[in-house]
Number of protein chains: 2
Amino acid sequence: MASVSILELDGALVATLQGELTDGAAVGLQQDLAEAVVGVGARGVLIDISGLELVDSFLARTIYDIAAATSLLAAETVVVGMRPEVAITLVELGLTLPGLRTARTVADGMALLGIASPNRSAEGR
Amino acid sequence: MASVSILELDGALVATLQGELTDGAAVGLQQDLAEAVVGVGARGVLIDISGLELVDSFLARTIYDIAAATSLLAAETVVVGMRPEVAITLVELGLTLPGLRTARTVADGMALLGIASPNRSAEGR
């Protein structure tokens with residue numbers, strides 16, 4: 001079963017993806033995030049995919065579309081926690097997601113967004 | 001009914017779009033803005049589309065053309081107040097408007113242009 005949670009953290013949205021997302025859930029995530037970016041006035045979106053063992057081409061494209069929509073809404077997207085096997089699969093699929101920013105951890109992602117993380121122990125909030 | 005108003009604000013032009021713009025009105029806006037940028041010596045143009053529930057591909061291209069013309073006239077364009085559903089539609093249409101700057105509010109847009117915003121509480125939030 002797939003699950004997605006969206007939390008607000010210091011002016012950014014953190015979307016945590018778990019399990020296998022259906023295509024419908026991926027599209028729903030795109031809409032939810034776009035509305036949340038405007039709703040809370042977020043400066044950035046972190047998409048935490050550390051819980052995903054597999055990213056198929058549909059999800060990769062959806063993440064790319066989320067980044068494009070977020071950019072139009074004056075916020076920035078960072079993909080966080082990609083596993084090595086996912087990175088290799090994406091490259092094999094030709095989906096190198098040019099222009100998309102990545103970070104190893106949520107804290108690194110927050111720093112990339114220019115949002116100082118006051119306390120690294122707050123990461124798991 | 002569509003309406004467009006152009007105001008001068010601290011050396012910038014603020015074009016506010018309401019309702020559904022005809023293609024002719026969009027082209028007229030492009031000409032009016034180009035003349036106004038030179039006429040008042042504007043440093044930037046804010047295009048406020050917060051009143052638009054829909055941006056079709058013609059209007060998106062026109063906004064992009066306005067930004068290009070404004071840039072040639074030594075001013076900068078910021079698109080302000082895009083709604084989430086508009087962002088998603090533009091991405092679906094493949095119109096990610098690369099290089100175009102966006103801001104959430106007129107005040108944020110003025111800040112992006114380097115024009116100090118006198119009062120952030122005027123943002124409307």
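Data block above holds the structure.
Residues numbered from 1 in each chain as written. Chains lettered and ligands numbered in written order. Predicted model: local features only at pLDDT ≥ 70, side-chain atom pairs only at ≥ 80, totals over all residues. Heavy atoms only, no water.

S.K.: If you had to explain the pairing of strand β4 (residues 76-80) of chain A to someone new, which residues and values would you point to?
M.R.: Residue and element names in this part refer to chain A. Summarising burial for β4: four of the five residues are buried, a large majority. Handedness of the strand β3 (residues 44-51)-helix α2 (residues 57-72)-β4 crossover: right-handed. Note that the unit made of β4, helix α3 (residues 84-92) and strand β5 (residues 101-103) has a crossover that is right-handed. (Buried < 20%, exposed > 50% of the residue type's maximum accessible area, 1.4 Å probe, protein only. Helix = DSSP H or I, 4+ residues; strand = E, 2+ residues; numbered from the N terminus. Right-handed = clockwise from strand over helix to strand, strands pointing away.)

S.K.: Any chance you could break down unusual backbone geometry for me, citing the residues and the numbers?
M.R.: The backbone phi angle of A:A74 is positive, close to 70°, even though this residue is not glycine. The backbone of B:D10 shows a phi angle near 50°, a positive value even though the residue is not glycine. With respect to the secondary-structure elements, B:D10 resides in the loop between β1 (3-9) and β2 (12-18). Owing to a relative accessible area of 49%, B:D10 belongs among the partly exposed residues under this scheme.

S.K.: Which residues make up helix α1 (residues 23-40) of chain A, and what values do they have?
M.R.: For α1(A), with 18 residues, the first-to-last C-alpha span of 26 Å sits near the 26 Å given by 1.5 Å per residue. For α1(A), the complete set of buried residues consists of A:A26, A:L29, A:Q30, A:L33, A:A34, A:A36 and A:V37. Tucked into the core, α1(A) has its buried residues touching β1 (3-9), β2 (12-18), β3 and α2 of chain A together with α3 (84-92) of chain B. Where α1(A) terminates, the next one or two residues include A:G41, which has phi positive at roughly 65°. (Expected span 1.5 Å × (residues − 1). Contact = heavy atoms within 4.5 Å.)

S.K.: Can you lay out the relation of the copies chain A and chain B for me, pointing to particular residues and giving the numbers?
M.R.: Here the two chain copies are tied together by a rotation about an axis and a shift along that axis. With an RMSD of 0.0 Å, the operation that places chain A on chain B is a rotation of 73° combined with a shift of 1.8 Å along the axis. The transformation relating the two chain copies, once decomposed into turn and shift, fits a five-fold axis. Taking the C-alpha atom as reference, chain A places A:G99 closest to the rotation axis, 10 Å from it. (Least-squares fit on C-alpha atoms with pLDDT ≥ 70 in both.)

S.K.: Give a description of the interface of chain A and chain B that names residues and reports values.
M.R.: Each partner contributes to the interface: chain A provides 18 residues, whereas chain B provides 14 residues. Between chain A and chain B, a total of about 1,200 Å² is buried, with carbon and sulfur atoms accounting for 69% of that surface. Summed over the shared surface of chain A and chain B, the result is zero salt bridges. The tally of links from chain A across to chain B stands at five residue pairs in polar contact (both at pLDDT 80 or more). If one sorts the elements of the side of chain A that touches chain B by residue count, α1(A) sits on top with seven residues. Looking at side-chain class alone, the side of chain A that touches chain B contains ten nonpolar, five polar and three charged residues. (Buried area = accessible area lost by both parts, 1.4 Å probe. Salt bridge = Lys/Arg side-chain N within 4 Å of Asp/Glu carboxyl O. Polar contact = N/O pair within 3.5 Å; in protein donor to acceptor, adjacent residues only side chain to side chain. Nonpolar A, V, L, I, M, F, W, Y, C, P; charged D, E, K, R; others polar.)

S.K.: Give a description of the side chain of A:Q30 that names residues and reports values.
M.R.: Relative to the helices and strands, A:Q30 is located in helix α1. The exposure class assigned to A:Q30 is buried, which follows from its relative accessible area of 9%. Those residues in contact with A:Q30 that lie beyond four places of it in its chain are A:T62, A:D65, A:I66, B:I88 and B:V91.

S.K.: For helix α2 (residues 57-72) of chain B, give the residues involved together with the corresponding values.
M.R.: Working note: α-helix, 3.6 residues per turn, so residues spaced by three or four point in the same direction. Residues and elements named next belong to chain B. In this model, α2 (16 residues) spans 23 Å end to end at C-alpha, consistent with the 22 Å of a helix rising 1.5 Å per residue. Among the residues of α2, those classed as buried are L59, A60, T62, I63, I66, A67 and T70. The buried side chains of α2 occupy one side of the element, clustering within an arc of 160° when seen end-on. Elements in contact with the buried residues of α2: β2, α1 (23-40), β3 (44-51), β4 (76-80) and α3. At the C-terminal side of α2, A74 shows a positive phi close to 65°. (Arc of directions from axis to C-beta.)

Don't take any of this as a statement about function, it's just geometry.
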